[in-house]
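# Reading the structure
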Amino acid sequence: DTGVSQNPRHKITKRGQNVTFRCDPISEHNRLYWYRQTLGQGPEFLTYFQNEAQLEKSRLLSDRFSAERPKGSFSTLEIQRTEQGDSAMYLCASSHLLTSEQQETQYFGPGTRLLVL
Amino acid sequence: GQQLNQSPQSMFIQEGEDVSMNCTSSSIFNTWLWYKQDPGEGPVLLIALYKAGELTSNGRLTAQFGITRKDSFLNISASIPSDVGIYFCASTGTASKLTFGTGTRLQVTL
């Protein structure tokens, strides 16, 4: 396995359109995270899954955003009715954690850069 | 919002020089991670620290988890042109999500 992959790498859309991004985690990683990064800033947490369960959502995740991980493998992040403020890099990360005592390390994908015109 | 203060914000150094950057917080964290990000790419993990006081090396990189659990530093020895990029510290507290610093932009001159 070569790591976390994300598709598409780039997306340009018009305001008001819906977009969907896909993340394929490292094989057998049970946790999957979504982050958003705007220019000049560090990534900010959006949401994460353990297997197919969505365990936490940030207040950054408005009701126009929805994420799924239906079979506990790949995940999709959908943004409905996009706004110019949604323009950012959307990053996916995965990790493998069995118990709370384990050390968890998140590995990132290359990101999807979204531009909303 | 972000809670980690990272410094310096940017630095120009000459090839061969040593580099030091640090990250501080007002809160206690359980892990400290250092990532490097190239333009248009995702962050790449450099070093992970899991215990207060831990000092870990990875080639020319050395990082330490502060004893108070509120800070960490990253040193790069004998910098080379491919060290150019943005370095981020990141931490987790009781939750699994990462909180990132504001980044240190490193530029190396020949």
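Remember, it's a predicted structure, so these values are computed and weren't measured experimentally.

Parameters and conventions
- Residues numbered from 1 in each chain as written.
- Chains lettered and ligands numbered in written order.
- Predicted model: local features only at pLDDT ≥ 70, side-chain atom pairs only at ≥ 80, totals over all residues.
- Heavy atoms only, no water.
- Helix = DSSP H or I, 4+ residues; strand = E, 2+ residues; numbered from the N terminus.
- Rg over C-alpha atoms; globule rule 2.2 N^0.38 Å.
- Contact = heavy atoms within 4.5 Å.
- Areas by Shrake-Rupley, 256 points an atom, 1.4 Å probe, with all protein chains shown as cover.
- Buried < 20%, exposed > 50% of the residue type's maximum accessible area, 1.4 Å probe, protein only.
- Buried area = accessible area lost by both parts, 1.4 Å probe.
- Salt bridge = Lys/Arg side-chain N within 4 Å of Asp/Glu carboxyl O.
- Core = buried A, V, L, I, M, F, W, Y, C linked by side-chain atoms within 4.5 Å.
- 1 Å grid on protein atoms, 1.4 Å probe; cavity = no way out; pocket = protein on both sides within 12 Å on 5 of 7 lines; lining within 4 Å.
- Points joined across faces, edges and corners; volume = space filled by probe spheres on them.
- Nonpolar A, V, L, I, M, F, W, Y, C, P; charged D, E, K, R; others polar.
- Pairing = 2+ DSSP bridges.
- Axes fitted to C-alpha atoms, helices over the stretch in contact; angles between N-to-C directions.

## Some details on the overall build of chain B
- A count of helices and strands for chain B gives zero helices and 11 strands.
- Mapped in sequence order, the helices and strands of chain B form the string β-β-β-β-β-β-β-β-β-β-β.
- Against the compact-globule benchmark of 13 Å for 110 residues, chain B has a radius of gyration of 13 Å, which places it among compact chains.
- Expressed along its principal axes, the backbone C-alpha trace of chain B runs to roughly 45 × 30 × 20 Å.
- Partitioning the intrachain contacts of chain B with sequence separation of at least 6 by distance along the chain shows that 53% fall at a separation of at least 24.
- On chain B, roughly 5,100 Å² of surface is accessible, and the fraction owed to carbon and sulfur atoms is 50%.

## Quick word on the overall build of chain A
- The helix and strand tally for chain A stands at zero helices and 11 strands.
- The order of helices and strands in chain A, counted from the N terminus, is β-β-β-β-β-β-β-β-β-β-β.
- In terms of overall size, chain A behaves like a compact globule, its C-alpha atoms giving a radius of gyration of 14 Å where 117 residues would be expected to give roughly 13 Å.
- Projected onto the principal axes, the alpha-carbon positions of chain A cover approximately 45 × 30 × 30 Å.
- Here chain A holds 117 residues, and the buried ones make up 48% of them.
- Sequence-distant contacts, at least 24 apart, represent 55% of the contacts inside chain A between residues at least 6 apart.
- For chain A, the accessible area works out to roughly 6,200 Å², and carbon and sulfur atoms hold 45% of it.

## Examining the interface of chain A and chain B
- At the junction of the two partners, chain A supplies 24 residues and chain B supplies 19 residues.
- A buried area of about 1,700 Å², summed over both sides, lies between chain A and chain B, and 52% of it is on carbon and sulfur atoms.
- On the chain A side of the contact with chain B, Pro43(A), Gln103(A) and Phe108(A) bury the most area, a combined 24% of that side's loss.
- Joining chain A to chain B, the criterion identifies two salt bridges.
- Residue Glu41(B) pairs with Arg9(A) through a salt bridge whose shortest N-O separation is 3.5 Å.

## Quick word on the side chain of Arg64(A)
All names here are of chain A.
- Position of Arg 64 among the secondary structure elements: in the loop between β6 (53-57) and β7 (65-68).
- Looking at Arg 64, the relative accessible area reads 9%, which means it is buried.
- What Arg 64 contacts, discounting residues up to four positions off in sequence, is Glu 78, Ile 79, Gln 80, Arg 81, Thr 82, Glu 83 and Asp 86.

## A closer look at the nonpolar core
- Trp32(B), Trp34(B), Leu74(B) and Leu106(B) are the most contacted members of the largest nonpolar core, which has 21 residues in total.
- Of all elements in the fold, only β2 (10-14), β3 (19-25), β4 (31-37), β5 (44-49), β7 (61-65), β8 (71-76), β9 (85-92) and β11 (104-109) of chain B reach the threshold of two or more residues within this core.
- Here Leu106(B) is in contact with Met11(B), Ile13(B), Val19(B), Ile76(B), Asp83(B), Val84(B), Gly85(B) and Tyr87(B), once residues within four sequence places are set aside.
- By size, the runner-up hydrophobic cluster in this structure holds 19 residues, among which are Cys23(A), Phe65(A), Leu77(A) and Ile79(A).

## A closer look at the environment of Leu49(B)
- In this structure, Leu49(B) sits in strand β5.
- Setting aside residues no more than four positions away along its own chain, Leu49(B) makes contact with Thr31(B), Trp32(B), Leu33(B), Trp34(B), Glu54(B), Thr56(B), Ala63(B), Gln64(B), Phe65(B) and Ser72(B).

## Quick word on the layout of surface pockets
- When its volume is computed, the largest pocket comes out at roughly 520 Å³.
- Taken together, 27 residues line the largest pocket, and the ones lying closest to its centre are Gln37(A), Leu39(A), Gly40(A), Ile86(B) and Arg105(B).
- Those elements that place two or more of their residues in the lining of the largest pocket are β9 (88-95) and β11 (112-116) of chain A together with β9 and β11 of chain B.
- Broken down by element, the residue count for the lining of the largest pocket peaks at four residues, all from β11(B).
- Classifying every residue of the lining of the largest pocket by side-chain character gives 10 nonpolar, 13 polar and four charged.

## Considering the sheet that holds strand β8 (residues 75-79) of chain A
Residue and element names in this part refer to chain A.
- What the four strands build is an open sheet, ordered β1-β3-β8-β7; its pairing is antiparallel. A single partner strand is all that each edge strand has here, and the edge strands are β1 (5-7) and β7. The sheet shows a mean angle of 15° between the axes of neighbouring strands, direction not considered.

## A look at the pairing of β5(B)
- Both β4(B) and β5(B) contribute to a ladder of five bridges, which runs antiparallel. Residue pairing for β5(B): Tyr35(B) is matched across the bridge by Leu45(B).

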